[in-house]
Structure formats: structure tokens, C-alpha cells
Amino acid sequence: MTRLLSSDGTNPIAYAVPRPDGPPVVIDQASSQTAYVNVRRHAQVGEPIPDGWAVGPDGVATTDASAALAGALLPFGGHRGVNVALLVEFLATLGGGSFSLDAAPFDRGNEPPGIGVFLLCLDSGVLPGTQGRAAAHLETGSARITAFAFPHSNEA
């Protein structure tokens, strides 16, 4: 097992897809199994976290939220999720922001973490037909997703 460091970030990724006849589809998620705040909330009330969210400081899987805070959150999608998180990390540091391993902690101390943010904005109206194709795809996908029974999510 690869040892994750407690200072690895959750490297969130977000995007929005405009729809001509409705609100945009907006996705905002951590690249870890859950957001850090969910683990912190479980630790504050003394509740266990679901299996697969984190490892303790010893690198062993844990359901103890306090041990998870001293360890590391696990990526979604196993090693492929690590690859996505690494891409987000590289993009977010292009402007000189701190890498997760170098950033000051968010939850303690007086030093700001100095993290970076990468924004890419594309005008979907520039390419003819793009908005209509995206809207049709979202409608088709929505119908298929509605008909599909997803397994239980561990997300709190």
C-alpha cells in the first residue's frame, strides 16, 4: 500500500455545464472519498466514519474519525483517483500556489495555506451547436441515470 501523507489535499474539482432552457449542471467535489469537513464533523460528535474514507497515521484503514484526521483521506477511484487529484494539484499550482505537502494546515496555526486555484472558462457559444449537443446529452444521460439504481453511497 502506498503511504499517504496527512498533508495531502482533497484537491477539489468543480465544473458547470450551461443549459439553454434551465439552470446549469454544477458539479463540485473533492478528489478524496469524502470532504475533510465530513470527517471533522464525525470526529467532533464521536461517530465512526464509513469504511474506505481514510487511513490512520499508521497507514492502516480506519473508521475512527479522529485517527483519520491524523492520517489521510483516501482518493475516490483508487489509483485512478490519485491521478485525477495529482492533475488538479499541478493545475492549481501553475500560478505559484503551494503544493498540498508544502501548504500550512487549514485547521490550525496562523500561516495561510497559500494554495492555488486553476480556472478554465470556455464559451460554449463560440462553437456552433455545442450548447444544443450538450443539452441533448444531459437530457439523455439524465433519463438513463434516473432509470439506474446506484449502489448505496458512503457520502455523508
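Details of the structure are given in the entry above.
Residues numbered from 1 in each chain as written. Predicted model: local features only at pLDDT ≥ 70, side-chain atom pairs only at ≥ 80, totals over all residues. Heavy atoms only, no water.

Undergrad: An account of the pattern of salt bridges is needed here, citing residue identities and associated values.
TA: Under the counting rule described, the total for this entry stands at 1 salt bridge. The shortest N-O distance in the salt bridge between Arg19 and Glu139 comes to 3.9 Å. In this pair, Arg19 is assigned in strand E1 (residues 13–19) and Glu139 in helix H4 (residues 130–147), connecting sequence segments 120 residues apart. (Salt bridge = Lys/Arg side-chain N within 4 Å of Asp/Glu carboxyl O. Helix = DSSP H or I, 4+ residues; strand = E, 2+ residues; numbered from the N terminus.)

Undergrad: Before we move on, could you go through helix H1 (residues 36–45) and cite the residues and values that matter?
TA: Among the residues of H1, those classed as buried are Asn38, Val39 and His42. In a view along the axis of H1, the buried residues occupy a sector of 100°, so they form one face of it. (Buried < 20%, exposed > 50% of the residue type's maximum accessible area, 1.4 Å probe, protein only. Arc of directions from axis to C-beta.)

Undergrad: Give a description of the side chain of Thr62 that names residues and reports values.
TA: Along the chain, Thr62 turns up in strand E4 (residues 61–62). In this structure, Thr62 is in contact with Ile49, Ala54, Val55, Gly56, Ala67 and Ala68, ignoring residues within four places of it in sequence. (Contact = heavy atoms within 4.5 Å.)

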